[in-house]
Amino acid sequence: MSIERINLIGVPVDVCEPENLEAEILELLAKPGTKQIIFLSVWDLLKARHKNDFSECVKNADLVLPISKSIISGARFLRKPIPVRYNPFTAVIQILGILDSHYKSLYLLGSHKKTLMKTEKNVRDTFPGLKIVGRYVGYYPKQDEDDIVQAIFKSQPSLVLLSEGIKEKNCWAYRRRNRFSSSIFLYYRDCFGIFSERIKRVSERTFERGGEMLVEILHNPFKLFYIFPFFWYKTVLLWYKLFRR
């Protein structure tokens, strides 16, 4: 096995070394049915501890990659195998590179038309071996959904990349999993914004230091209130350390 799945305060997290990612992606492509990759933040981890659709979505995901430094330190604190922390945009680039080298296909779903079209152009220029088999904007009216689902089902893309404008986020693919045939689904909110150069990506140095949250707070001061669930996370970790085997 190239990956190991651990349980962190009741939530699955995968230990996947970057050098094993290509084999894992190719293995997923060979599996029938709907597959899903999830980028898991510490806030997502806390949300997934409750009984809801998102919890089931994470539990049933084929690959759960941690993106928060706090998840790594939490695993270390509980003496679990230490996962690799992924920068989501860097991981998207790596995954697209894998698909490109194997001449696979892609469907783009999300954002507004201008951003989506520029994203498509930049993806085509960067990954010439990757076939884009369709695209659709986010923020779409409800009556358009059946057409979108049918388009994805008929084109059978290797990967469906979802970005902003998809209200259900990761749960979009999970709730419709029985309506698709053989695609991998991956949601990353800022993906198309970064590809279209509308959003400035966090530098690798800032990400490595765990400073991406400070950048988000500068853009949205209300995120300062995330400090309360963060303290709750630390409390739960301590409880697991003291009372759970």
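So, how was this worked out
Note that residues are indexed from 1 along each chain, following the sequence as it is written. A pLDDT threshold of at least 70 governs which residues receive local features in this predicted model, and a stricter bar of 80 or more applies before side-chain atom pairs are shown or counted, although totals over entire chains, interfaces and linings include all residues. By convention in this description, side-chain values take in all heavy atoms of the structure and omit both hydrogens and water. In DSSP terms, a helix is any run of H or I states spanning at least four residues, a strand is any run of E spanning at least two, and both are numbered starting from the N terminus. Computation of the radius of gyration draws on C-alpha atoms, with the globule rule given as 2.2 Å multiplied by the number of residues to the power 0.38. For the exposure calls, accessible area comes from a 1.4 Å probe over protein chains only, and a residue counts as buried if that area is under 20% of its type's maximum, exposed if over 50%, partly exposed in between. In what follows, a contact means two residues having at least one pair of non-hydrogen atoms within 4.5 Å. Per-residue accessibility takes into account occlusion by the displayed protein chains alone, with areas from the Shrake-Rupley method and a 1.4 Å probe. The charged-residue count follows a simple rule in which Lys and Arg add positive charge and Asp and Glu add negative charge, with His and chain termini not counted at all. Every charge is mapped to an atom, namely NZ of Lys, CZ of Arg, CG of Asp or CD of Glu. In this scheme, strands are said to pair when DSSP sees at least two bridges between them. Orientation is described by axes fitted as lines to C-alpha atoms, over the contacting stretch for helices, and by angles from 0 to 180 degrees between their N-to-C directions. In this text, buried Ala, Val, Leu, Ile, Met, Phe, Trp, Tyr and Cys residues form a nonpolar core when linked through side-chain atoms within 4.5 Å. Working definition: rings of Phe, Tyr and Trp (its six-membered ring) pair if their centres are within 6.5 Å, and the pair is stacked with planes under 30 degrees apart, edge-to-face with planes over 60 apart, and tilted otherwise. Charges are assigned to positions over rings by a cutoff of 6 Å between ring centre and Lys NZ or Arg CZ, combined with an angular limit of 35 degrees from the ring normal. Crossings are assigned a handedness: left-handed for a near helix turned anticlockwise from the far helix by less than a right angle, right-handed for a clockwise turn. Lys, Arg, Asp and Glu make up the charged group, whereas Ala, Val, Leu, Ile, Met, Phe, Trp, Tyr, Cys and Pro make up the nonpolar group; the residues left over, Gly among them, are polar. Contacts described as polar in this section are N or O atom pairs within 3.5 Å, which, within protein, must combine one atom able to donate a hydrogen with one able to accept it, while residues neighboring in sequence count only if both atoms come from side chains. Salt bridge, as applied in this entry: a Lys or Arg side-chain nitrogen positioned within 4 Å of an Asp or Glu carboxyl oxygen.

Enquirer: Tell me what's going on with the overall build of the chain, and back it up with residues and numbers.
Expert: Tallying secondary structure elements over the chain gives twelve helices and eight strands in all. Relative to the globule expectation of 18 Å for 245 residues, the C-alpha radius of gyration of the chain, 18 Å, shows essentially globular dimensions. For the chain, the residues scored as buried account for 49% of the 245 residues in total. Here the analysis covers contacts within the chain between residues at least 6 apart in sequence; of these, 78% occur between residues at least 24 apart. Surface summary for the chain: the accessible area is close to 13,100 Å², and the carbon and sulfur share equals 55%. Seen as two clouds, the 39 positive and the 26 negative side-chain charges of the chain have centres 5 Å apart.

Enquirer: Quick rundown of the sheet that holds strand β8 (residues 184-187)? Include the residues and the values.
Expert: As summarised here, the arrangement of the six strands in space is β4-β3-β8-β7-β5-β6, forming an open sheet in which the pairing is parallel. In this open sheet, the two strands that pair with only one neighbour each are β4 (63-66) and β6 (131-136). This sheet shows a mean twist of 20° between the axes of neighbouring strands, independent of strand direction. For strand β5 (residues 105-109) and β6, the ladder comprises five bridges, and the chain directions are parallel. Counted as the bridge partner of Ser 105 is Lys 131 from β6. This element, helix α7 (residues 145-155), spans β5, β6, β7 (159-162) and β8 of the sheet and lies at about 175° to β5.

Enquirer: Residue-level account of the nonpolar core, with values.
Expert: Counting 36 residues, the largest nonpolar core has Ile 37, Val 92, Leu 96 and Leu 106 as its most contacted members. Per element, the largest residue contribution to this core is seven residues, and it comes from helix α5 (residues 88-101). Of all hydrophobic cores here, the second largest spans 26 residues; its members include Val 11, Val 15, Leu 40 and Cys 171.

Enquirer: Describe the packing of aromatic side chains, naming the residues involved and giving the relevant values.
Expert: On inspection of all chains with the given rule, the structure shows nine aromatic pairs. Here the aromatic rings of Phe 230 and Phe 231 are separated by 6.4 Å at their centres, their planes lie at 50°, and the arrangement is tilted. Since its relative accessible area comes to 25%, Phe 230 is described here as partly exposed. Taken together through their ring pairs, the aromatic side chains of Trp 172, Phe 180 and Phe 185 make up a single cluster. Sitting over the face of the ring of Phe 207, Arg 85 holds its NZ or CZ atom 3.7 Å from the ring centroid.

Enquirer: Now, about the environment of Arg 79: what can you tell me, with residues and values included?
Expert: Secondary-structure assignment places Arg 79 in the loop between α4 (69-77) and α5. Residue classification places Arg 79 among the exposed positions, given a relative accessible area of 74%. The spatial distance from the C-alpha of Arg 79 to the C-alpha of His 112 is 44 Å, given a sequence separation of 33 residues.

Enquirer: Tell me about the packing of helix α1 (residues 21-30) against α5, and please be specific about residues and values.
Expert: Relative to each other, α1 and α5 sit at 65°, their axes nearing to 10 Å. The interaxial crossing formed by α1 with α5 has right-handed handedness. Residues Leu 21, Glu 22, Ile 25, Leu 26 and Leu 29 of α1 lie in contact with α5, whose contacting residues are Gln 94, Ile 95, Ile 98, Leu 99 and Ser 101. Its residues placed into classes, the contact of α1 with α5 shows seven nonpolar, two polar and one charged.

Enquirer: Residue-level account of the environment of Asp 62, with values.
Expert: The topology assignment puts Asp 62 in the loop between α3 (53-60) and β4. Linking Asp 62 and Ile 9, residues 53 residues apart in sequence, is a C-alpha distance of 19 Å. Those residues in contact with Asp 62, other than ones at most four positions away along the chain, are Ile 3, Arg 5, Asp 14, Leu 28, Lys 31, Thr 34, Lys 35 and Gln 36. For Asp 62, the side chain forms a polar contact with the side chain of Lys 31, separated by 2.8 Å. A polar contact is formed between the side chain of Asp 62 and the backbone nitrogen of Gln 36, at a distance of 2.9 Å.

Enquirer: I'd like a rundown of the pattern of salt bridges, residues and numbers included.
Expert: Pairing between side chains of opposite charge can happen when the charged atoms of each approach one another. According to the stated counting rule, one finds 15 salt bridges in the structure shown. Glu 120 is the partner of Arg 135 in a salt bridge, and the nearest nitrogen-oxygen pair spans 2.8 Å. Here the residue Arg 135 occupies a position in strand β6, and Glu 120 occupies one in helix α6 (residues 113-126), the gap between them amounting to 15 residues. On the accessibility criterion, Arg 135 (31% relative accessible area) is partly exposed. Residue Glu 145 is joined to Lys 142 by a salt bridge in which the shortest nitrogen-to-oxygen separation is 3.7 Å. Classification of Lys 142 by relative accessible area gives exposed; the value is 60%.

Enquirer: Explain the pairing of strand β1 (residues 3-8) residue by residue, including any values.
Expert: Here β1 pairs with strand β2 (residues 11-16) via six bridges, running antiparallel. In the sheet register, Ile 3 faces β2, and the bridge partner there is Cys 16.

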